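Listed below are the residues making up each chain.
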Amino acid sequence: MQRRLDALERQGDNKTDMPGKIRALEAQLARLSRLVSVTPLSLGLDAQVRDGRDMEARLNSACDSGTVVRIIERNSTIPTKKSKVFHARGATKMYFKVYEGEHEKASDNNLLGEFAFTGIQGEKLEVAMEIDADGILYVSATEQPTGRRQSLTIDSGTSAFKSLVDISKKVQQS
């Protein structure tokens, strides 16, 4: 659209209706620029705390093994960044599975990727999810207070839902 507008401006005054065409294209460009990209589905994770003694999840009440904790809600504008703090409570390892979907139960959502944070020394991990303007998802866990960090990058093509119809069906099922 911008290229068409630039080409019309370069043509100059040799056409009498050129200013009208330029104004029409500018109006069309303004309408298009108001369109905003949003996340079609919520993004969250299932976090499992593991240590040598207790293989069950021992997180705060917001997160149990097999349950997705939403970090980025559906229809959030892109780019966006959100985070949540998880309590390790003495565990040495935390496993994170990243999901997209609207269900609370992890197995009912689409698994996008996973990573582990080992050698935990602190009590808390801050997990951040960021989606850039190109739709790439960055997930990172930062140990507090040491600042150690593990991360995962998920390309926008990873989603199992390739069309608006797929996404609409998934939302209706939830």
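Residues numbered from 1 in each chain as written. Predicted model: local features only at pLDDT ≥ 70, side-chain atom pairs only at ≥ 80, totals over all residues. Heavy atoms only, no water.

(A) Seen up close, the overall build of the protein chain. Helix and strand counts for the protein chain come out as three helices and eight strands. Within the span of the protein chain, comprising 174 residues, buried residues form 37% of the whole. A separation of at least 24 residues holds for 63% of the contacts in the protein chain among residues at least 6 apart in sequence. Looking at the protein chain as shown, the accessible area adds up to about 10,200 Å², and 46% of this sits on carbon and sulfur atoms. (Helix = DSSP H or I, 4+ residues; strand = E, 2+ residues; numbered from the N terminus. Buried < 20%, exposed > 50% of the residue type's maximum accessible area, 1.4 Å probe, protein only. Contact = heavy atoms within 4.5 Å. Areas by Shrake-Rupley, 256 points an atom, 1.4 Å probe, with all protein chains shown as cover.)

(B) Region of interest: the confidence of the model for the protein chain. Per-residue pLDDT for the protein chain has a mean of 77; in total, 65% of the residues score no lower than 70. The least confident element of the protein chain, judged by mean pLDDT, is helix H3 (residues 164–173) at 55; the most confident is strand E2 (residues 69–72) at 95. Predicted confidence is poor over residues 52–64, with pLDDT under 50, and the contacts of this stretch with residues over four places away or in other chains come to 29 contacts. Below a pLDDT of 50 lies the segment residues 161–165, which in the model reaches seven contacts outside its immediate sequence neighbourhood of four places, other chains included. (pLDDT = per-residue confidence, 0-100.)

(C) Seen up close, the sheet that holds strand E8 (residues 149–154). Strand order across the open sheet formed by four strands is E3-E6-E7-E8, with antiparallel pairing between neighbours. For this open sheet the edge positions go to strand E3 (80–87) and E8, each flanked by a neighbour on one side alone. The mean angle between the axes of side-by-side strands here comes to 15°, regardless of whether they run parallel or antiparallel. (Pairing = 2+ DSSP bridges. Axes fitted to C-alpha atoms, helices over the stretch in contact; angles between N-to-C directions.)

(D) The arrangement of the nonpolar core in detail. By size, the foremost hydrophobic cluster in this structure holds 27 residues, and its most contacted members are Met 94, Phe 96, Met 129 and Leu 137. Leaving out residues up to four positions away in the same chain, Leu 137 has contacts with Leu 43, Val 98, Leu 112, Met 129, Glu 130, Ile 131, Leu 152, Thr 153 and Ile 154. (Core = buried A, V, L, I, M, F, W, Y, C linked by side-chain atoms within 4.5 Å.)

(E) Inspection of the packing of aromatic side chains at higher detail. If you walk through the whole model with that rule in mind, you get two aromatic pairs. A centroid spacing of 6.2 Å and a plane angle of 70° characterise the contact between Phe 86 and Phe 96, whose relative ring orientation is edge-to-face. Here the residue Phe 86 occupies a position in strand E3, and Phe 96 occupies one in strand E4 (residues 93–100), the gap between them amounting to 10 residues. For the pair Phe 86 and Phe 96, one class covers both residues: buried. Site record: aromatic cluster; members linked through ring pairs are Phe 86, Phe 96 and Phe 115. (Phe/Tyr/Trp six-rings, centres within 6.5 Å; stacked < 30°, edge-to-face > 60°.)

(F) Local environment of the environment of Leu 43. Tracing the backbone through its elements, the reader meets Leu 43 in strand E1 (residues 43–50). Look at Leu 43 and you get buried, because its relative accessible area is 7%.

(G) Inspection of the pattern of salt bridges at higher detail. Scanning all chains against the criterion turns up four salt bridges. The salt bridge involving Glu 102 is made with Arg 70; its shortest N-O contact spans 3.7 Å. Of this pair, Glu 102 sits in the loop between E4 and strand E5 (110–118) while Arg 70 sits in strand E2, and the two are 32 residues apart along the sequence. For Glu 102, a relative accessible area of 11% puts it in the buried group. Glu 143 is the salt-bridge partner of Arg 148, the closest N and O atoms lying 3.0 Å from each other. By relative accessible area, which is 1% here, Glu 143 ends up buried. By sharing partners, the salt bridges in this structure join Arg 70, Glu 73, Arg 74 and Glu 102 into a single network. (Salt bridge = Lys/Arg side-chain N within 4 Å of Asp/Glu carboxyl O.)

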